[in-house]
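Spelled out, the chains give:
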Amino acid sequence: KEFVAELFDSFADSFDEKLESLQYKVPQYVGQTAEALGKAQQGYRAILDAGCGTGLAGRFLLPLKRRVMIGVDASQKMLNIAKKMHNKLWLWTDRTTTKSTTTIKTTI
């Protein structure tokens, strides 16, 4: 986990730009699929974006939520970028595990 967090922390600042240059469309496809699946129930009461990174999929998922969206990522720097992008519209969870204790911090 620490290796992955450090790796993504190291290029968090250029992550979105790099994916844009590669014409990365997965966040858009995730949003389109979630929208199609959620039409019958008029959106989602809650959405979990696991591995949310900088929140790229969030811009497509956010309009589909009725109550809360939770973003989880190993990289704190990625989460910080996502928090700026989505301001106070998301409930972000930063999870760190040390020994047998888990600390959960939330920002609304």
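Quick look at the structure, then. Values in this document were obtained by computation on a predicted structure and should not be read as measured data. (Residues numbered from 1 in each chain as written. Predicted model: local features only at pLDDT ≥ 70, side-chain atom pairs only at ≥ 80, totals over all residues. Heavy atoms only, no water.)

## Some points on the environment of I47
Phase 1 of the analysis: With respect to the element layout, I47 can be found in strand β1 (residues 44-50).
Phase 2 of the analysis: Of the residues examined, I47 reaches a relative accessible area of 9% and is grouped as buried.
Phase 3 of the analysis: In this structure the C-alpha to C-alpha distance between I47 and A34, which are 13 residues apart in sequence, comes to 9.8 Å.
Phase 4 of the analysis: Apart from residues lying up to four places away in sequence, I47 is in contact with L61, L64, K65, V68, M69 and I70. (Helix = DSSP H or I, 4+ residues; strand = E, 2+ residues; numbered from the N terminus. Buried < 20%, exposed > 50% of the residue type's maximum accessible area, 1.4 Å probe, protein only. Contact = heavy atoms within 4.5 Å.)

## Concerning a nonpolar patch on the surface
Phase 1 of the analysis: Among the surface-exposed residues, L22, Y24, V26 and V30 lie close enough to one another that they form a single nonpolar patch of about 350 Å² accessible area.
Phase 2 of the analysis: Positionally, L22 belongs in the loop between α2 (12-21) and α3 (26-38).
Phase 3 of the analysis: Residue L22 is classed as exposed on the basis of its relative accessible area, which comes to 56%. (Patch = residues over 30% accessible without salt bridge, like charges linked within 9 Å, V, L, I, M, F, W, Y side chains within 5 Å. Areas by Shrake-Rupley, 256 points an atom, 1.4 Å probe, with all protein chains shown as cover. Salt bridge = Lys/Arg side-chain N within 4 Å of Asp/Glu carboxyl O.)

## Comments concerning unusual backbone geometry
Phase 1 of the analysis: Of note in the backbone geometry, Q23 takes a positive phi value of approximately 55° without being a glycine.
Phase 2 of the analysis: Tracing the backbone through its elements, the reader meets Q23 in the loop between α2 and α3.
Phase 3 of the analysis: Residue class for Q23 comes out exposed when judged on its relative accessible area of 62%.
Phase 4 of the analysis: Phi angles above zero are rare outside glycine, and Q42 is one such case at about 55°.
Phase 5 of the analysis: With respect to the secondary-structure elements, Q42 resides in the loop between α3 and β1.

## Concerning the packing of aromatic side chains
Phase 1 of the analysis: Throughout the structure, instances matching the rule amount to three aromatic pairs.
Phase 2 of the analysis: Where F8 meets F11, the ring centres are 5.3 Å apart and the plane angle is 35°; that geometry is what we call tilted.
Phase 3 of the analysis: We classify F8 as partly exposed; its relative accessible area is 28%.
Phase 4 of the analysis: Between the aromatic rings of F8 and F15, the centroid separation amounts to 6.2 Å while the plane-to-plane angle is 65°, which identifies the pairing as edge-to-face. (Phe/Tyr/Trp six-rings, centres within 6.5 Å; stacked < 30°, edge-to-face > 60°.)

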